[in-house]
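Structural overview for review
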Protein chains: 2
Amino acid sequence: MKNPVVNLTQAELSALKMELEAEYSEFASRNLALNMARGKPSSTLLDHNNCVLETLDAPYAADGTDARNYGILEGLPEMRNFFGSVLGIDPEQIIVGGNSSLTLMYDSFVRLFMFGSGGFPAWRTFSKLKFLCPSPGYDRHFAITQEFGFEMITVPMTENGPDMDIVEKLAAEDESIKGIWCVPLYSNPQGVCYSDETVARLGKMKTAAPDFKIFWDNAYGVHHLYGEVKLADIFAACNAGGNPDRPYYFFSTSKITFPGAGVAMMAASPAERKEILKRMGIQTIGSDKLNQLRTLRTLKDAATLKKHMAELAEILRPKFDIVLNTLESELADGGFATWISPRGGYFVSLDTMDGCAKKTLELAKNAGVTMTGAGATFPYKIDPRDRNIRIAPTYPANDELQIAMKLFCVCVKLATVKKLCGEF
Amino acid sequence: MKNPVVNLTQAELSALKMELEAEYSEFASRNLALNMARGKPSSTLLDHNNCVLETLDAPYAADGTDARNYGILEGLPEMRNFFGSVLGIDPEQIIVGGNSSLTLMYDSFVRLFMFGSGGFPAWRTFSKLKFLCPSPGYDRHFAITQEFGFEMITVPMTENGPDMDIVEKLAAEDESIKGIWCVPLYSNPQGVCYSDETVARLGKMKTAAPDFKIFWDNAYGVHHLYGEVKLADIFAACNAGGNPDRPYYFFSTSKITFPGAGVAMMAASPAERKEILKRMGIQTIGSDKLNQLRTLRTLKDAATLKKHMAELAEILRPKFDIVLNTLESELADGGFATWISPRGGYFVSLDTMDGCAKKTLELAKNAGVTMTGAGATFPYKIDPRDRNIRIAPTYPANDELQIAMKLFCVCVKLATVKKLCGEF
């Protein structure tokens, strides 16, 4: 770092502020309307998947089952085989859902809360419920935990996943802690990949709650951008630790085919899966099997999926390059922010100087660039240091993204300088 | 009735039993394997809807929204407009779901149980919960009520809907009664259509529970077979009675396009809908909008739907004719059973002599014809008089249905005669 902004004199800061304000005004005058708020794919990327829209010939499963009619609660065998082969999971542990893995997570909370599982009491019978929330994390996870009245315990992230010393201590001590949220590969928003050691420790750690659950949301399990990162097997880790019923595994094709019309799945131990299916059978006769067939006829098998994801990465990687190159060229030298360069997934996470995230995003919004709200990556939407910002570069076109990122960097710098000038 | 079986002498009964046993043996020797257990459409009927499988050109909503991407929790405006126009409901009251109205019902129970609505306490906070279950009724409704721990109160059906004298009395007296299941048009299984008076009384009746809910499952709302029957407007009735938040309305295209891949919806008062959407937004980012477009491009508008349903009725009506003609020719004279001739829907409900339903279905099953289990049409699967049988004629091919119905009638008669002979 050549000349950290914190080392500037008041006069230098004032001069820099004027310079940045001029740059900002120039951007603001352009009447931009760009959205980097959510992890949505661009229409170019979606166009690449349009084969899913084509006529579905022969709407029958491999065994002849008429996929148009009712039935097959657990999903078509070939769909379970596909997920199993892609993720390294026994298809007999898999349940295929509708278009949303979020719904499978929410509904899992419903079942645990209403009924419990494995012979343990329903979670609603406890006077106090807590959940471990590695943060920065995914706002929709936190929203579920909050909706069900859990106290959310923030656990800091390391470059290898959640800080396992803290996770182990908390989980061992407090029986009201019922589980943990995990996005183990290319975590949302930091892009952290859980190390083998982290996975092993999650599988074997002692928990005060006998029905502690790992919500293993492997949303970006095949979303490599800069080479493949391997994730250790959470089922193997939990089995090795003597805790086979601990993990609930989630995945979907939302960011493989179409976000609004993908196929979601969950997996669990044979005992848990049996219980889940029994209860799920009260809620539905089965998910959309035609969409399973459509998805399968596009993605075919693990090898075809790999090729497909490499093609999508060709579209996505330039966006991440724009983000990371702009951050590097604009912010690195002045020490305005820190960030992690992800190797896959859908996001880049950036930390401003403490107390500057809200102001940065306010400046960006006022100049026409909407980003994920400040605090969204923390429980209760409260970032204790007001510094984390989630950048979602996948939706805008590349030229727009370049402009948005330039503006964003001006906003980071301007907020920092204003802060150092004591303006807020 | 020429010669009621109950008037036969023991000698006549014995002779008849021998005759029926011979007939039964002849059927049993054919190694039949026919299924009339569930309300599934036949493949011929599904083939008629195959246009839904065709390439979805231009996956965009009328307002340009990319239906492939995330969003639009409440469903595409044109999908809500379609349902609104078909059912006479304000589209602003409608929420489009996934492929299952059963799931929308289950999830409504979840929300009421977990959180309550309209400022009233969550149902889980009550020590005692009861639900009115007009019977014979739909087994999957009863399964939801049972899963959530409700005591199910059986209410007898009349030809105009549930016995409203009983419904009004119970609902007014007992604040632990939180609602009622209704299939108001061509009820499952009897095909009863609720009269205008029944609907008006449901809307205005006093209920001890201030948050009493009508689960209005209009599953067969457009499934006319022998001319159109009009159903009174439950929202108007509840508004007129000063109970706007009382009804939850459910409908789907499961038996219009494909049972496994239709589009479901629910509707509620503006206040209830707002609350539902807020909570639903924690569970999902939105349902499959591509399937909404596919469905819309086939069904188009209310007039096209009407034509479509008339075409489906051409396929279904011969099946009902086979059932009703066979019952008439085989069972009417001997007074073996009573049944209602439905004017639409998916089922025919038959009552044997008391205590003969289980035996009839056992005989049918042993000869290769599987039907909905005895008792399934009552809470807890217990038919207090062991007499009600649901006939689901929609799945088998017509020639198979004819054979199955002939055998079924032999089984009804044989069970009756065995009963009268004191064999069980």
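Notes on the structure in this doc start here. (Residues numbered from 1 in each chain as written. Chains lettered and ligands numbered in written order. Predicted model: local features only at pLDDT ≥ 70, side-chain atom pairs only at ≥ 80, totals over all residues. Heavy atoms only, no water.)

This brings us to the pairing of strand β4 (residues 151-158) of chain B. Residue and element names in this part refer to chain B. In terms of strand pairing, strand β3 (residues 130-135) meets β4 through six bridges, oriented parallel. Pairing of Pro134 across the sheet is with Val155, part of β4. Between the parallel elements β3 and β4, the chain passes through helix α5 (residues 139-147) in a crossover that is right-handed. Judged from the two bridges that link them, β4 and strand β5 (residues 161-162) form a sheet pairing that is antiparallel. In the strand pairing of β5, Thr158 is matched with Gly161. Linking two consecutive strands that pair antiparallel, namely β4 and β5, is a turn of two residues. (Pairing = 2+ DSSP bridges. Helix = DSSP H or I, 4+ residues; strand = E, 2+ residues; numbered from the N terminus. Right-handed = clockwise from strand over helix to strand, strands pointing away.)

With that out of the way, let us pick up the packing of aromatic side chains. In the structure shown here, the tally under the stated rule is 48 aromatic pairs over all chains. On the basis of an interplanar angle of 45° and a centroid distance of 5.6 Å, the ring pair of Phe109 of chain A and Phe148 of chain A is categorised as tilted. A residue pair is termed long-range when its members are at least 10 positions apart, and Phe109 of chain A in helix α4 (residues 101-114) and Phe148 of chain A in the loop between α5 (139-147) and β4 (151-158) qualify at 39 residues. Summarising the burial analysis for this pair, Phe109 of chain A and Phe148 of chain A share the class buried. Consider the rings of Tyr220 of chain B and Tyr346 of chain B, whose centres lie 6.0 Å apart with planes at 20°: the pair is stacked. With Tyr220 of chain B in the loop between β7 (213-217) and α8 (234-240) and Tyr346 of chain B in the loop between β10 (337-339) and β11 (348-352), this pair connects stretches of sequence that are 126 residues apart. (Phe/Tyr/Trp six-rings, centres within 6.5 Å; stacked < 30°, edge-to-face > 60°. Buried < 20%, exposed > 50% of the residue type's maximum accessible area, 1.4 Å probe, protein only.)

Turning our attention to the state of the cysteines. Residue and element names in this part refer to chain B. Counted under the stated rule, the structure contains zero disulfides over all chains. With no disulfide partner, Cys238 has as its closest neighbouring cysteine sulfur the one in Cys182, 9.6 Å distant. Residue Cys238 is classed as buried on the basis of its relative accessible area of 0%. (Disulfide = S-S within 2.5 Å.)

Glancing now at the environment of Pro270 of chain A. Residues and elements named next belong to chain A. Note that Pro270 resides in helix α9 (residues 270-283). For Pro270, a relative accessible area of 61% corresponds to the exposed category. For the pair Pro270 and Gly242, spaced 28 residues apart in sequence, the C-alpha to C-alpha distance is 14 Å.

Ranked by size, the top nonpolar core spans 112 residues in total, and within it Leu202, Tyr249, Leu327 and Ile391 of chain A carry the most contacts. Excluding residues that lie within four positions of it along the chain, Leu202 of chain A makes contacts with Met164, Val167, Ile180, Cys182, Tyr194, Ile214, Trp216, Ile234 and Arg246 of chain A. Listed in part, the 110 residues of the second largest apolar core include Leu56, Phe83, Trp216 and Cys356 of chain B. (Core = buried A, V, L, I, M, F, W, Y, C linked by side-chain atoms within 4.5 Å. Contact = heavy atoms within 4.5 Å.)

Moving on, we come to the pattern of salt bridges. In total, this model carries 54 salt bridges over all chains according to the counting rule given. A salt bridge links Arg68 of chain B to Asp66 of chain B; the shortest N-O distance between them is 2.8 Å. The class of Asp66 of chain B is buried, set by a relative accessible area of 16%. Of the charged contacts in the structure, one is a salt bridge between Glu423 of chain B and Lys418 of chain B, with a shortest N-O distance of 3.1 Å. Overall, the relative accessible area of 40% leaves Glu423 of chain B in the partly exposed class. Residue class for Lys418 of chain B comes out buried when judged on its relative accessible area of 14%. One network of salt bridges, in which partners are shared, links Lys17, Glu21, Lys418 and Glu423 of chain A. (Salt bridge = Lys/Arg side-chain N within 4 Å of Asp/Glu carboxyl O.)

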